[in-house]
Amino acid sequence: MRTVLSRRAFLKSSRRAIAAGSLLGIGKPLATFAETGNSPTADGGVAVDYYDKLGVTKIINAAGTYTFLTASIMPPEVRYAVSQAALSPVRLKDLEVAAGNYLAQRLQCEAALISAGAASALTLGMAACVTVANRPAAGDAILEEIPTGIDQFRNEVVVQHAHRYEYDHALLNCGIKFVEVRTMSDYQAAFGSKTVMAHFFNAAEGGEIGREDWIRVAHQHGIPCMNDAAADVPPISNLWNYTRMGFDLVCFSGGKGMRGPQNAGLLLGRKDLIAAATENNSPNSARVGRGMKVAKEQIVGMVAAVDWFLAQTDEGMETKFRGRANVIADSLKSIPSLSCEIFVPPVANHVPHLLIRYDQQRVKIAPLEVAAALRNGTPSIELNPATGTRDASAGLPIDEHTIVVGVWMLQDGEDKIVAGKLHSVLAGAVSA
Ligand SMILES: *Cc1c(COP(=O)(O)O)cnc(C)c1O
């Protein structure tokens, strides 16, 4: 029996199968690259544009690094690193150790782990703190008790009321309980025999207790502190500012400002805690992190993204983003009553955003309607989701009368397209 089909026989039989499929009405008939005009890949495969094939609309991202908009586009160096990594199997442990050591050195911290995003970094950092706090009493058994079996163990996390947020869930995934504090004296009194960690949300808009005091008091009680700084680069130096300040663990998203793979992130910090986080992570099976698998392509892509990001400058990025905002602002000068402001949020998404305001008596269209017009146009453009809403978003000073353009995730040339579309929609709504 022949076990290897020739390419031709394969194409023939797959055409037959395809024809059968189309007779049965199963989807559209598939075709070879000769029939579709798809080009061959450099290594002999068929280059298919799967967004087109699936009928998924490609968008212009004038919003920012939002997960629901796939966050960012990897720079060419990162894409190359990802595709090279896909070519060879390796020993995963070798890659994890080498990548961790390399990043620790480049990011000036004791140790580093690449996670499946910042939310995973939060869960693994939390698991690490539970592990380290309970191991003296519980031994390695604690690893398998997370999350459902830790009530009988040390399981409390101290947090400021104003730092409770949607990513609490990433910590709750470890079975912990929060102890909330508001004042410094609450905080001093919150530490007990069950405390395992003090958590800080770096971009929180409230909270009486600052970073340095948060760290100092926790350390007086021998408790580690974790900082969620997921969206808080640039500035580039934040990659080491918070570990140097004394946070024992710091989390970053890999797919936001660093433009790594969207499903990658960083957990940086103390050697013993990163080691415990690694024990709680995939590929170990009976662990809370098993579902947070990080593939070789993500690991390599994350390392390449850090290299790419460290080769940028804050000034260079800011100049580029301001340039785009100005292109859009300049194109809207002729719209009556309209004014533009460039705004840089203080902590998260700390990059220029363009805020556009106008008198809706003169320009008779609401910001939400403008957003819908751009979304439904060709090409489809997504404005920042803070457009036309009062919901607090990413430190932006917003209201229902403002259009917000996030320019930092635009690709070269797209500023002009966004400018043209905004101009035509707004000019078309000017009252006579
Ligand atoms: C985006 C974000 C996260 C999650 O990051 P992922 O990389 O998408 O997992 C966590 N915390 C904060 C504050 C964020 O902004």
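Since the structure is predicted, the reported quantities are computational estimates derived from the model, not experimental observations.

This part takes up the overall build of the protein chain. Along the protein chain, the regular secondary structure elements total 16 helices and 12 strands. With the principal axes as the frame, the protein chain shows a C-alpha extent of 80 × 65 × 40 Å. A buried classification covers 47% of the 432 residues belonging to the protein chain. Residue pairs in contact within the protein chain that sit at least 24 positions apart in sequence constitute 68% of those at least 6 positions apart. When the accessible surface of the protein chain is summed, it comes to about 20700 Å², and 54% of that surface belongs to carbon and sulfur atoms. When the 41 basic and 42 acidic side-chain charges of the protein chain are each reduced to a single mean position, those positions are 9 Å apart.

The contact between helix H6 (residues 118–138) and helix H12 (residues 271–279) brings their axes to 8 Å, and the two run at 105°. Looking at the two axes, H6 sits roughly perpendicular to H12. Taken together, the residues of H12 that come into contact with H6 (itself represented by Leu124, Ala128, Cys129, Thr131, Val132 and Arg135) are Asp272, Leu273, Ala276, Ala277 and Glu279. In terms of residue class, the contact of H6 with H12 is made up of 7 nonpolar, 1 polar and 3 charged.

What follows concerns unusual backbone geometry. Cis geometry marks the peptide bond from Ile146 to Pro147; its omega dihedral reads 10°. In this structure, Pro147 sits in the loop between helix H7 (141–145) and strand E3 (156–160). The omega torsion of the bond from Val233 to Pro234 falls at -5°, within 30 degrees of zero and hence cis. Here Pro234 shows up in the loop between strand E6 (225–228) and helix H11 (238–245). Phi is positive for Thr70, close to 65°, though the residue is something other than glycine. Its place among the elements puts Thr70 in the loop between strand E1 (59–62) and helix H4 (76–85). Residues other than glycine seldom take positive phi values, yet Gln108 does so here, at roughly 60°.

Turning to the side chain of Thr389, a few remarks are in order. With respect to the element layout, Thr389 can be found in the loop between strand E11 (380–383) and strand E12 (402–406). Since its relative accessible area comes to 15%, Thr389 is described here as buried. When sequence neighbours within four positions are dropped, the list of residues in contact with Thr389 reads Ile398, Asp399 and Glu400.

Once that is clear, we can look at the domain arrangement of the protein chain. Segmenting the protein chain into domains produces domain 1 (89–310) and domain 2 (314–427). On a C-alpha basis, the centres of domain 1 and domain 2 stand 34 Å from each other. Taken residue by residue, the interface counts 14 residues in domain 1 and 10 residues in domain 2. Of the roughly 900 Å² buried between domain 1 and domain 2, counting both surfaces, carbon and sulfur atoms make up 68%. Three residues, Glu205, Ala231 and Pro234, lead the burial of domain 1 against domain 2; their summed loss comes to 41% of the area buried on that side. Linking domain 1 with domain 2 are 0 salt bridges. In this structure, the connection of domain 1 to domain 2 is made through 2 residue pairs in polar contact (both at pLDDT 80 or more).

Here the focus is the sheet that holds E12. Within the open sheet, the 3 strands sit side by side as E9-E10-E12. Their pairing is antiparallel. Of all the strands in the sheet, just strand E9 (339–343) and E12 have a single pairing partner and so form its edges. With direction set aside, neighbouring strand axes in the sheet form an average angle of 25°. Of the pairings in the sheet, the one linking E9 to strand E10 (residues 353–357) comprises 5 bridges and is antiparallel in character. Bridged to Phe343 within E10 is His353.

Looking now at the sheet that holds strand E4 (residues 177–181). Taken in spatial order, the 7 strands line up as E2-E8-E7-E6-E5-E3-E4 in an open sheet, and their pairing is mixed. Strands at the two margins of the open sheet, each flanked by one partner only, are strand E2 (111–115) and E4. Within this sheet the neighbouring strands show an average axis-to-axis angle of 25°, counted without direction. Where E6 lies against strand E7 (residues 249–253), 3 bridges are found, and the strand directions are parallel. Bridging from a neighbouring strand, Met226 pairs with Leu249 of E7. Where helix H5 (residues 92–106) meets the sheet, its contacts fall on E2 and strand E8 (265–269), and the angle it forms with E2 comes to roughly 120°.

Let's shift gears to the site of the ligand. In the region of the ligand, the neighbouring residues are Thr67, Gly117, Ala118, Ala119, Tyr167, Phe201, Asp228, Ala230, Ala231, Ser253 and Lys256. Ser253 is positioned with one of its side-chain polar atoms (N or O) 2.6 Å from an oxygen atom of the ligand. In isolation the ligand exposes 390 Å². Once the protein is present, 85% of that is buried. A breakdown of the residues in the shell around the ligand according to their chemical character gives 6 nonpolar, 3 polar and 2 charged.

A word on H11. Buried within H11 we find Asn238, Leu239, Trp240, Tyr242 and Thr243. Buried residues in H11 make contact with H5, helix H10 (211–220), E6, E7, E8 and helix H13 (296–310). Just downstream of H11, Gly246 is the residue with a positive phi angle, here 125°.

What counts as what
Residues numbered from 1 in each chain as written. Predicted model: local features only at pLDDT ≥ 70, side-chain atom pairs only at ≥ 80, totals over all residues. Heavy atoms only, no water. Helix = DSSP H or I, 4+ residues; strand = E, 2+ residues; numbered from the N terminus. Buried < 20%, exposed > 50% of the residue type's maximum accessible area, 1.4 Å probe, protein only. Contact = heavy atoms within 4.5 Å. Areas by Shrake-Rupley, 256 points an atom, 1.4 Å probe, with all protein chains shown as cover. Lys, Arg positive; Asp, Glu negative; His and termini not counted. Charge placed at Lys NZ, Arg CZ, Asp CG, Glu CD. Axes fitted to C-alpha atoms, helices over the stretch in contact; angles between N-to-C directions. Parallel < 35°, antiparallel > 145°, perpendicular 65-115°, else oblique. Nonpolar A, V, L, I, M, F, W, Y, C, P; charged D, E, K, R; others polar. Domains from an automatic or database assignment. Buried area = accessible area lost by both parts, 1.4 Å probe. Salt bridge = Lys/Arg side-chain N within 4 Å of Asp/Glu carboxyl O. Polar contact = N/O pair within 3.5 Å; in protein donor to acceptor, adjacent residues only side chain to side chain. Pairing = 2+ DSSP bridges. Near = heavy atom within 4 Å.

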